Structures are given as structure tokens and as C-alpha cells.
Amino acid sequence: MSQSNGREAGRGPGRERHRGAVTLRRGAIPGSTADQRLLDSRGRGDWKTKDAWRALRILSEFVEGFDTLADLPPAVSVFGSARSGPDSAECQLAEQLGGALARAGYAVITGGGPGVMEAANRGASEAGGLSVGLGIELPFEQGINEWVDLAIDFRYFFARKTMFVKYAQAFVVLPGGFGTMDELFEALTLVQTGKVTRFPVVLMGAAYWQGLLDWLRDTMAADGKIGPVDLELICLTDDVNAAVRHIVEAEAALSVEQEAVRDEVVARTGADQQAAAEQAAEQPRDN
């Protein structure tokens, strides 16, 4: 009998997938993700029996995210490619950015994966800030990087995306692929439509993004699909200090505006109460 130390051949460490609180390895990993099963219209026969339970699972992800992140300090969500090497320009920039945001008092939120996300988490953690990772179940599992202090694994993209926006004061977007573009244009859409108020969107990696910005200006805006003012929603810079300053100034401006609105409401309420009292005093009294 061969010496196997209790292990079967081929049962060593292998792939790992996180599905909410559940960790799956080797043969237990299913062939599809929760998002795929939810969105696949070919499975209509299962909708009546399974979608009600999925709704509860979706609700549980929102509850878990809200409960876990409710006490976060002011935070900034940082996006970028999981495929970038640690020595790439964008990873070096992300690490510097994470540190600068932490020193400015911000927590750093990323998707928790490798590449740019890991670099931003590392910069924040090494600078003494809070480093947050919001992971997602994917067919090609990435896992949460070691520089994350607080991690949540999500099954559903839309629950995770809500957390990126709800608990951040700004987005910083470094070079990335489809997922990065998705987050970028979702943020721009939310700001343009007024769903979020004064939400800075900073692009870093000017050479990478310049072609996109030229197309937005010369094609999309020129054809009237967006207005010229919409292009002002984007701040493009490779200067880490300038990026952080832009975020800080936007937050300060929003605070001033909100305070002015509160003062106006208080003044209007006081004036209405005084007018009501004067009107009541002028009413003839029945003897």
C-alpha cells in the first residue's frame, strides 16, 4: 500500500470559490454562478419554484452589506484591472492613491481582487487606513487579496454594485476592462441623472483614457447624445494629490450646499410659523 498520508491522489489544494458565506473547492464547485442561474431566461420552468427563494437570498445580501458597511468612515471606491501586474504603472499609481486616500481620512473600497484592486488595498492598509474588499462569485475565482481588512463576498453583481456607490463619496477609475468600464459608466449615469449628488468621478492613467474622452467629446457630445456639461463630470489626472484634493473639495462643497439648504428650510419654517401666529392673532374672537 502506498503512503498517501490519508490523501487520495489528485485531492490536493485546488480551485476555490466563495459563494456568500460558503466556500467551495474541487468537485463541489458548480458549473455556473448564482448570477448566471438568475439571469438565464432558458430556465423559465424553474422560475415559479426557485425565484421566490432567490429573492430572499438577494435580500440577505443587501442586509449583510448594509449591516457590515453601515459604520464605515468616509470612503472612496477604486476600480481597475485584475490583470495588471504588480510592477505596472497603474498598480504603482493605485498603491500611491490608496495611501494618500487613507492619510486623508478615507477608507478604500475595491472589488477585493488582484491587480489594481490589490495595489489600492495595499496602499491603504500600509498607510494605516481601512481597506475594504467586495468580492464576487465568478467562474474564474479570484479570491480576496491579503491586504483587505474587511471583506464581503457577494453572489449577485447588482447587490455588490449598490454597496460600491452607497458607501463611497467618490469613484477613482484606473485602467481596466469591461468590469471597470461598467462601473465607470454606471457612476456617470447616476451623477448625470441626479440619482447621486456631487459624486466625483476621477480617471487616472491619462494615456489610457484619452482616446475614450476624445470619442465622448468628438462623437457622443458632438452628436448631441450628451451635453457639453456632462463631460465636466469627469476629472482626468495622473497626480495622486490632485485626485485626492478634487475629492476633498467636492465633499466640502456638498457640505456647504447642504448646510445652506438646511438654513433655508429652518428660516422658511420659522417665517411660516410666525405668519401663522400673526394670522391667528388677527382673527376676531367670539365672546
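Residues numbered from 1 in each chain as written. Predicted model: local features only at pLDDT ≥ 70, side-chain atom pairs only at ≥ 80, totals over all residues. Heavy atoms only, no water.

**Details of the side chain of Asn 145**
Move 1: As for its placement among the helices and strands, Asn 145 is situated in the loop between strand E5 (131-136) and strand E6 (150-154).
Move 2: Separated by 3.0 Å, the side chains of Asn 145 and Asn 121 make a polar contact.
Move 3: Not counting residues up to four positions away in its chain, the partners in contact with Asn 145 are Gly 112, Gly 113, Met 117, Glu 118 and Asn 121. (Helix = DSSP H or I, 4+ residues; strand = E, 2+ residues; numbered from the N terminus. Polar contact = N/O pair within 3.5 Å; in protein donor to acceptor, adjacent residues only side chain to side chain. Contact = heavy atoms within 4.5 Å.)

**A word on the environment of Leu 236**
Move 1: Mapped onto the elements, Leu 236 comes out in strand E9 (residues 234-236).
Move 2: Discounting chain neighbours no more than four positions away, the residues touching Leu 236 are Leu 203, Ala 206, Trp 209, Gln 210 and Leu 213.

**Things to note about helix H6 (residues 178-192)**
Move 1: Between its first and last C-alpha, H6 extends 21 Å over 15 residues, near the 21 Å set by a 1.5 Å rise per residue.
Move 2: Here H6 has its buried residues at Thr 180, Glu 183, Leu 184, Ala 187, Leu 188 and Val 191. Seen from one end, H6 has its buried residues packed into an arc of 130°, which puts them on one side.
Move 3: On its buried side, H6 packs onto strand E3 (75-79), helix H5 (157-166), strand E7 (170-173), strand E8 (201-203), helix H7 (206-221) and E9. (Expected span 1.5 Å × (residues − 1). Buried < 20%, exposed > 50% of the residue type's maximum accessible area, 1.4 Å probe, protein only. Arc of directions from axis to C-beta.)

**Overview of the confidence of the model for the protein chain**
Caution applies to low-pLDDT parts of the model: their predicted coordinates are not meant to be read in detail.
Move 1: Of all residues in the protein chain, 75% attain a pLDDT of 70 or more, and the chain-wide mean is 84.
Move 2: Throughout residues 1-13 the model reports pLDDT below 50, and contacts reaching past four residues in sequence, or to other chains, amount to five contacts. (pLDDT = per-residue confidence, 0-100.)

**Details of the sheet that holds E5**
Move 1: Taken together, the seven strands give an open sheet; going across it, the order is E6-E5-E4-E3-E7-E8-E9, and neighbouring strands pair in parallel fashion. The open sheet has two edge strands, E6 and E9, and neither has a second partner. Each neighbouring strand pair of the sheet contributes to a mean axis angle of 20°, computed without reference to strand direction.
Move 2: As paired strands, strand E4 (residues 107-110) and E5 are joined by three bridges and run parallel to one another. From the neighbouring strand, Ile 109 faces E5, where its bridge partner is Val 132.
Move 3: Together, E3, E4 and E5 form the strand contacts of helix H4 (residues 116-126), whose direction differs from that of E4 by roughly 165°.
Move 4: Strands E3, E4, E5, E6 and E7 of the sheet are contacted by H5, whose axis makes an angle of about 160° with E5. (Pairing = 2+ DSSP bridges. Axes fitted to C-alpha atoms, helices over the stretch in contact; angles between N-to-C directions.)

**Notes on the pairing of E3**
Move 1: When you tally the buried positions in E3, you get five out of five residues, the bulk of the element.
Move 2: Neither face of E3 is left uncovered, since the one carrying Ala 75, Ser 77 and Phe 79 and the one carrying Val 76 and Val 78 both have all their residues buried.
Move 3: As paired strands, E3 and E4 are joined by three bridges and run parallel to one another. Bridging across to E4, Ala 75 finds its partner in Ala 107.
Move 4: A crossover connection joins E3 to the parallel E4 through helix H3 (residues 89-103); in handedness this β-α-β unit is right-handed.
Move 5: Across four bridges, E3 lies against E7 in parallel orientation. Considered in E7, the bridge of Ser 77 is made with Phe 171. (Right-handed = clockwise from strand over helix to strand, strands pointing away.)

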